[in-house]
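Working through the structure, step by step
In case you want the letters, here they are:
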Amino acid sequence: MNGEGKIRDWQELTQLTKGEPIVVERVRLAEKDIAIEGSFELPELARLPWEDQVFIAAFVRSHGSIKEMEQVFGVSYPTIKARLTRIADSLKFIDTDPAPSRTEILDRLKRGEINAQQAIRELETLK
């Protein structure tokens, strides 16, 4: 299947689901005879409506240039900003520095990476 056919299939799938969650149960590597079965959630961006996915792809291709986006979509700066804000508000952002769990703190203590006082302080911040 060519790229255009895949895009059309994805567009139809996102229209069919109308924003409802999709769970993928089988993944097959296209170039190999390997399939993985389980329960996989789609990535955050793949859950966006088709039109927002196209918009984000155009934004990335323009290297984040709102001026270029204005030209591509034929709309004003405030319109581009409003759409970016709406899309950003719909996405959950990953905490790049999450607090360690109780188990992680105790494991670090056990390995000697932190002392008992440091472990106590870190455990107290979890409460």
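Here the structure is shown first, and the text comes after it.
Notes on the structure follow. Here the structure is a predicted model, which is why all the values come from computation and not from measurement. Counting restarts for each chain, with residues numbered from 1 along the sequence as it is written. Where totals are concerned, whole chains, interfaces and linings use all residues; where local detail is concerned, this predicted model gives features only for residues with pLDDT of at least 70, and gives and counts side-chain atom pairs only at 80 or more. Only hydrogens and water are set aside; all other atoms, that is, all heavy atoms of the structure, feed into the side-chain values.

As a packed pair, helix H5 (residues 102-110) and helix H6 (residues 116-125) sit with axes 10 Å apart at the nearest point and diverge in direction by 175°. Of the possible angle classes, the one that applies to H5 and H6 is roughly antiparallel. Listed contacts from H6 to Arg 102, Ile 105, Leu 106, Arg 108 and Leu 109 of H5 are Ala 116, Ala 119, Glu 122 and Leu 123. In terms of residue class, the contact of H5 with H6 is made up of six nonpolar, no polar and three charged. What counts as an axis is a line fitted to C-alpha atoms, over the stretch in contact for a helix, and the angles between N-to-C directions run from 0 to 180 degrees. A run of H or I in DSSP counts as a helix once it spans at least four residues, and a run of E counts as a strand once it spans at least two, with each numbered from the N terminus. Here roughly perpendicular refers to angles of 65 to 115 degrees, roughly parallel to angles under 35, roughly antiparallel to angles over 145, and oblique to all remaining angles. Residues count as neighbours in contact if any of their non-hydrogen atoms are within 4.5 Å of one another. Polarity classes work like this: nonpolar for Ala, Val, Leu, Ile, Met, Phe, Trp, Tyr, Cys and Pro, charged for Asp, Glu, Lys and Arg, and polar for all others, with Gly in that last group.

Attention shifts here to helix H4 (residues 77-90). Two residues of an α-helix separated by three or four positions point the same way, owing to the 3.6 residues in each turn. Look at H4: 20 Å from first C-alpha to last across 14 residues, which is about the 20 Å you get at 1.5 Å a residue. Three exposure classes are used, based on accessible area relative to the maximum for each residue type with a 1.4 Å probe and protein chains only: buried under 20%, partly exposed in between, and exposed over 50%. Listed in full, the buried residues belonging to H4 are Ile 80, Leu 84 and Ile 87. Down the axis, H4 shows its buried residues gathered within 65° of arc, on one side only. Among the exposed residues of H4, those oriented more than 90 degrees off its buried face are Pro 78 and Asp 89. Expected helix span is given by 1.5 Å per residue-to-residue step, counting one fewer step than there are residues. To obtain the arc, one takes the directions from the helix axis to the C-beta atoms.

Only residues whose relative accessible area exceeds 30% and that take part in no salt bridge are eligible for patches, with like-charged residues grouped when within 9 Å of each other and nonpolar side chains (Val, Leu, Ile, Met, Phe, Trp, Tyr) grouped when within 5 Å. All accessibility values rest on the Shrake-Rupley procedure with a 1.4 Å probe; residue burial counts only the protein chains present in the view. Here, a salt bridge means any side-chain nitrogen of Lys or Arg that lies within 4 Å of a carboxyl oxygen of Asp or Glu. The grouping of Val 27, Leu 29, Ile 34 and Ile 36 at the surface amounts to a nonpolar patch, some 300 Å² of accessible area in total. Broken down by secondary-structure element, the contributors of at least two residues to the nonpolar patch are strand E1 (23-29) and strand E2 (34-41). Position of Val 27 among the secondary structure elements: in strand E1.

Let us look at the pairing of E1. Pairing between two strands is assigned when DSSP locates at least 2 bridges connecting them. Judged from the six bridges that link them, E1 and E2 form a sheet pairing that is antiparallel. Its bridge partner being in E2, Arg 28 is matched across the sheet by Ala 35. From the end of E1 to the start of E2, which pair antiparallel, there are four residues.

All right, on to the environment of Gln 118 then. Of note, Gln 118 is situated in helix H6. Exposure remark for Gln 118: the relative accessible area of 31% places this residue in the partly exposed category. Through-space distance from the C-alpha of Gln 118 to that of Ile 105 is 9.2 Å; in sequence the pair is 13 residues apart.

Limitation: the analysis is restricted to geometry and does not speak to function.
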